[in-house]
Amino acid sequence: MGLVVGDGGCVTWPLSAGLLRARRRLLWGERITGAEAFDLGLVTDLADDAAAVATTALELGRRVAALPPIATQLTKRALNKVIAATTERVLDTGFYLEALSNRSADALEAVTAFKEKREGRWTGT
């Protein structure tokens, strides 16, 4: 849509999919399937249909709830530090650059092209 991926995508995608794959996907903005998201490491499980999503989620929740709570909570806290550290290094710049791109002629062209169901004509302004 002609905007910088500043609101978390620049944090979460590289952590999950690796920088090279994140760069390709975020720059191109292509839609991905659930299987592709799984292959990229963006999701951990797949479900066959919408009804199976709830079943799968509840099963995963039951499995986590059955684990030793202190070890589970502290492990999650340690892992969240990785996300927090990356967020601290990247997110403010991402938001700033997203705001800049939001005021560009290309962002307006992206919306117009989307509404008119046509390819965008980019000027770099």
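Below you will find a few notes about this structure. Quick caveat: nothing in here was measured; it's all calculated off a predicted structure. (Residues numbered from 1 in each chain as written. Predicted model: local features only at pLDDT ≥ 70, side-chain atom pairs only at ≥ 80, totals over all residues. Heavy atoms only, no water.)

1. Looking at the overall build of the chain
Counting secondary structure elements, the chain contains six helices and zero strands. Relative to the 2.2 N^0.38 estimate, which gives 14 Å for 125 residues, the radius of gyration of the chain is 19 Å and therefore markedly larger than a compact globule would have. A principal-axis box enclosing the C-alpha atoms of the chain has dimensions of 55 × 35 × 20 Å. Scored against the burial criterion, the 125 residues of the chain give a buried share of 17%. If you sum the accessible surface of the chain, you get close to 9,600 Å²; carbon and sulfur atoms cover 61% of it. If you average the places of the 16 positive and of the 15 negative side-chain charges in the chain, the two averages end up 4 Å apart. (Helix = DSSP H or I, 4+ residues; strand = E, 2+ residues; numbered from the N terminus. Rg over C-alpha atoms; globule rule 2.2 N^0.38 Å. Buried < 20%, exposed > 50% of the residue type's maximum accessible area, 1.4 Å probe, protein only. Areas by Shrake-Rupley, 256 points an atom, 1.4 Å probe, with all protein chains shown as cover. Lys, Arg positive; Asp, Glu negative; His and termini not counted. Charge placed at Lys NZ, Arg CZ, Asp CG, Glu CD.)

2. Re helix α4 (residues 50-65)
Helix length check: α4 (16 residues) gives 23 Å between terminal C-alpha atoms against 22 Å at 1.5 Å per residue, within 8%. N-capping of α4 is provided by aspartate 49, with a side-chain oxygen placed 3.1 Å from the backbone N of alanine 51. (Expected span 1.5 Å × (residues − 1). Polar contact = N/O pair within 3.5 Å; in protein donor to acceptor, adjacent residues only side chain to side chain.)

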